[in-house]
Each structure stands twice: as C-alpha cells, then as structure tokens.
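Here's the letter readout for the chains.
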Amino acid sequence: MSTTRWIATYDETIGRLDIYSSNSARPVYTWRRRRDHMHATQTLILWSWEHPTDGWRTSLFWERQGETGLLVADAWPIRITVEDRWAA
C-alpha cells in the first residue's frame, strides 16, 4: 500500500514557500515573497482558514538543510470545519 508523503519547504534566501507531494517533483502549491519563516507559517494558517477543504498543517519543527537557507518540514492536508462560519 502506497501513501502520499507531503513536505513543506521554505527558502529563506528568496522567500519562497512550497508544498510538495511524494507523487510529483514539482510543487503542488507555491507562495512567493514571504518575508521570513514566521510569515511563511502565517501564510499556511491563513490559507487553511480561507480554504477550509484544502488546508495545510506542518510539524512544529522545521529542519535546515545543511548550510543553506532551505527549511523543510513534514506537512499534512487538513480540513477545517467551522460552525456558522458565514453567519452574520
């Protein structure tokens, strides 16, 4: 049985946040011009809130890849359910 593995990468040098699937060499989602790691994390939280059936959660710890500016974390697709989300 094969399961899909997801990872999030954040490149500090160019401010790029990506979500990758183990099924593809190309990113599934990309966000550019993230100011720092905190901004990248906020992006995933806000994206998940705005797209509740297509959200993302990452592990608490991001690993730096060697001496580069690339940070990597495991990621999981999530669905958010909010009662009365659009109620006035």
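The following refers to the structure shown.

Rules used in this analysis
- Residues numbered from 1 in each chain as written.
- Predicted model: local features only at pLDDT ≥ 70, side-chain atom pairs only at ≥ 80, totals over all residues.
- Heavy atoms only, no water.
- Pairing = 2+ DSSP bridges.
- Helix = DSSP H or I, 4+ residues; strand = E, 2+ residues; numbered from the N terminus.
- Salt bridge = Lys/Arg side-chain N within 4 Å of Asp/Glu carboxyl O.
- Buried < 20%, exposed > 50% of the residue type's maximum accessible area, 1.4 Å probe, protein only.
- Polar contact = N/O pair within 3.5 Å; in protein donor to acceptor, adjacent residues only side chain to side chain.
- Contact = heavy atoms within 4.5 Å.

**As for the pairing of strand β6 (residues 70-78)**
Link 1 in the chain: Bridge count between strand β1 (residues 6-11) and β6: six bridges; the pairing is antiparallel. Bridge pairing in β6 links Asp11 to Leu70.
Link 2 in the chain: As judged from the four bridges shared by strand β4 (residues 55-58) and β6, these two strands associate in the antiparallel manner. Looking at β6, one finds that Trp56 is bridged to Pro77.
Link 3 in the chain: Two strands pair when backbone bridges link them, and strand β5 (residues 63-64) and β6 are joined in this way by two bridges, in the antiparallel orientation. Paired with Arg64 across the bridge in β6 is Leu71.
Link 4 in the chain: Counting the residues that bridge the hairpin from β5 to β6 gives five residues, and of these Gly66 lies at a positive phi of roughly 60 degrees.

**A few points about the pattern of salt bridges**
Two side chains that carry opposite charge are able to pair once their charged atoms sit near each other.
Link 1 in the chain: Evaluation of the coordinates by the stated rule reveals three salt bridges.
Link 2 in the chain: Here Asp74 and Arg5 are joined by a salt bridge, their closest N and O atoms 2.5 Å apart. With a gap of 69 residues between them, Asp74 in strand β6 and Arg5 in the segment before β1 connect regions that are remote in the sequence.
Link 3 in the chain: Residue classification places Asp74 among the partly exposed residues on the basis of a relative accessible area of 30%.
Link 4 in the chain: Among the ionic pairs, Glu12 bridges to Arg64, the shortest N-O distance being 2.7 Å. Of the two residues, Glu12 is situated in the loop between β1 and β2 (16-21) and Arg64 in strand β5; the sequence distance between them amounts to 52 residues.

**Regarding the side chain of Asp18**
Link 1 in the chain: Here Asp18 lies in strand β2.
Link 2 in the chain: Only 2.8 Å separates the side chain of Asp18 from the side chain of Arg16, close enough to count as a polar contact.
Link 3 in the chain: A distance of 2.7 Å separates a polar atom in the side chain of Asp18 from a polar atom in the side chain of Thr30.
Link 4 in the chain: Once you skip the residues sitting within four places of it in the chain, Asp18 turns out to touch Ile7, Ala8, Thr9, Pro27, Tyr29 and Thr30.

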